[in-house]
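Chain by chain, the residues run as shown.
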Amino acid sequence: MPVDPMDVQKKLKSIKAEYAEIRLSESFSTTIHLSKRMIETCKVGTSTQGSVRVYNKGCWGFFAFTSLDMIDYAVQQALQLSHIQKKENAPTLSSLQTNVITEKTKTLIPPNTVSLEEKMHLLTQYNDILKDSELIENTNVLYRDSLTQYVLCNTDDSIVEYERSFCGLSLSAIAKDGTVIQPYGESDANYAGFEIVKDRHTMAEEVVRIATELVAAPQIKSGVYDVIADPKLSGVFIHEAFGHLSEADFVYENPRMREIMVIGKRFGPDILNVVDDGTLPYAGYIPCDDEGIKPTKTYLIKNGVLHSRLHSRETAVKMGEEVTGNARAISTSASPIVRMTNTYIENGDSTVQELFEKLWNGIYVVGALGGQTNLEMFTFTPAYAYEVKKGKKTKKFRECMLTGNVFVTLANIEAIANDCTLFGGLGGCGKQGQAPLPVSSGGPHILIKNVLIGGKGAGSRKTKSK
């Protein structure tokens, strides 16, 4: 990047503000999207962008730009904007950490060393595998890579230089048999090189195999069941249903959530520990957040009790709690907001086999196709499910849906296995129009009592655990 971070830092010295930061980036990226019948997208490009953000007496001034020649102008504009409105009794943002970081993603095959023809050749192989069944109605092969040079300087005297390589792949297929339509897909992405998407032929074979199996599988009968969730679904559940409620900006602005999300309140059994940790080498990794704060291992729930929440500088001051390094932005032209990183349920003290023996009769739900939340209420669609009889997986089901209240569900966790696994993907996380932000989520297998499952038919059915 044709800018010396030391010169950028000097520009901040001239600003009279409680806090200010300048973020800059230059990126080279590739996006390829193949469907069953055509190339939907093949896009290669570069982008330069940045922003200046200034805080004075409760007012943020923010100015984004697309040319590095505009830094001085952006500083003046952001400074003026920060004086437009002064709030009474506004929290003061004091200096927190001075971090000088120079870091580069370790890659075996930098994506920019692989030609577009090689990328298209490999993705076409995956697409050919996905199409290799008469039951496949449509396919999607999505590839994305980016190489970004990132600079952050702030009035804490922090200087962060990060050359990051992000690469990922998503493979999905839609099977159809008569009037039954069944999607299935897998995705993986991380801060890594092209090596993460090579040799994924087996993943493509699994996608088409499972999609064509599910289209012939029966629907589950609606009812209330004891359920084992696999690591991927337990991760989606904890990210979507609980993680977003732990983002302090949401809690601070929502009176109902402030009454519920009280530090020290019990939400689950003693064996339940929920963590957000941006230091781990998964898709949510950050050397520091977009306010120059290093991430920490933050226990959201510890031994079943609400322990802490995720903070930016501003929310930490407003709520009188410790900053956690969770202010993140989708790009340097977007303003940082409170976001998760790598969010997961920690290992419990049971084996997976012990969970199935404890469940005895019930449902095993696997993977995640999607879902939605509304405050404490959630609805998730697993990729598929199995009936469990006498502790063994038996019949496979398609099209089931889990719904409920997150706090009731957390309290109904009966046992937690010791096989925690984290997953990333190209889908990322979305909030306030900033998506897809790289994150990962996961956990071990968990046994939950009394879960409402929607499927075929009305009525209810409750299985009994051993």
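Residues numbered from 1 in each chain as written. Predicted model: local features only at pLDDT ≥ 70, side-chain atom pairs only at ≥ 80, totals over all residues. Heavy atoms only, no water.

Caption draft 1: Structural detail: the packing of helix α3 (residues 116–130) against helix α4 (residues 201–214). Direction vectors running N to C along α3 and α4 enclose 25°, while the axes themselves pass 8 Å from each other. Of the possible angle classes, the one that applies to α3 and α4 is roughly parallel. In this structure, α3 crosses over α4, and the sense of that crossing is right-handed. Note on element contacts: α4 touches α3 through His201, Ala204, Glu205, Val207 and Val208, opposite Leu122, Gln125, Tyr126, Ile129 and Leu130. For the contact of α3 with α4, a count of residues per class yields seven nonpolar, two polar and one charged. (Axes fitted to C-alpha atoms, helices over the stretch in contact; angles between N-to-C directions. Helix = DSSP H or I, 4+ residues; strand = E, 2+ residues; numbered from the N terminus. Parallel < 35°, antiparallel > 145°, perpendicular 65-115°, else oblique. Left-handed = near helix turned anticlockwise from the far one by under 90°. Contact = heavy atoms within 4.5 Å. Nonpolar A, V, L, I, M, F, W, Y, C, P; charged D, E, K, R; others polar.)

Caption draft 2: How the structure looks around the environment of Trp60. As for its position among the elements, Trp60 is in strand β3 (residues 59–65). The class of Trp60 is partly exposed, set by a relative accessible area of 23%. C-alpha of Trp60 to C-alpha of Ile84: the two residues are 24 residues apart in sequence and 9.1 Å apart in space. A polar contact of 2.8 Å, which involves the side chain of Trp60, links it to the side chain of Glu314. (Buried < 20%, exposed > 50% of the residue type's maximum accessible area, 1.4 Å probe, protein only. Polar contact = N/O pair within 3.5 Å; in protein donor to acceptor, adjacent residues only side chain to side chain.)

Caption draft 3: Quick look at the pairing of strand β9 (residues 274–277). What you see with β9 is no split at all: Val274 and Asp276 on one side and Val275 and Asp277 on the other are buried throughout. With four bridges joining them, β9 and strand β10 (residues 297–302) adopt antiparallel strand pairing. Bridge pairing in β10 places Val275 opposite Tyr299. (Pairing = 2+ DSSP bridges.)

Caption draft 4: Region of the structure containing the pairing of strand β2 (residues 39–56). By the bridge criterion, 16 bridges tie strand β1 (residues 19–35) to β2 in an arrangement that is antiparallel. What sits directly across from Ile32, in β2, is Cys42. Connecting the antiparallel pair β1 and β2 is a turn made up of three residues. The hairpin turn running from β2 into β3, its antiparallel successor, is two residues long, and Lys57 in that turn takes a positive phi close to 45°.

Caption draft 5: Looking closely at helix α2 (residues 71–81). Buried within α2 are the following residues: Ile71, Ala74, Val75, Ala78 and Leu79. Seen from one end, α2 has its buried residues packed into an arc of 130°, which puts them on one side. Where the residues of α2 are buried, they touch α1 (5–13), β1, β2 and β3. (Arc of directions from axis to C-beta.)

Caption draft 6: Highlighting the packing of aromatic side chains. The full count for this structure, using the stated rule, is 14 aromatic pairs. With a centroid separation of 6.2 Å and 50° between ring planes, the pair formed by Tyr184 and Tyr384 is classed as tilted. One end of the pair, Tyr184, is in strand β7 (residues 180–191); the other, Tyr384, is in strand β18 (residues 384–389), and 200 residues separate them in sequence. Classification of Tyr184 as buried rests on a relative accessible area of 6%. Judged by relative accessible area, which is 9%, Tyr384 ranks as buried. The interplanar angle of 85° and the centroid separation of 6.4 Å between the aromatic rings of Phe237 and Phe380 together place this pair among those described as edge-to-face. With Phe237 in helix α5 (residues 231–243) and Phe380 in strand β17 (residues 377–381), the pair connects residues that are 143 residues apart, well separated along the chain. Relative accessible area serves as the criterion here: at 6%, Phe237 is assigned to the buried category. (Phe/Tyr/Trp six-rings, centres within 6.5 Å; stacked < 30°, edge-to-face > 60°.)

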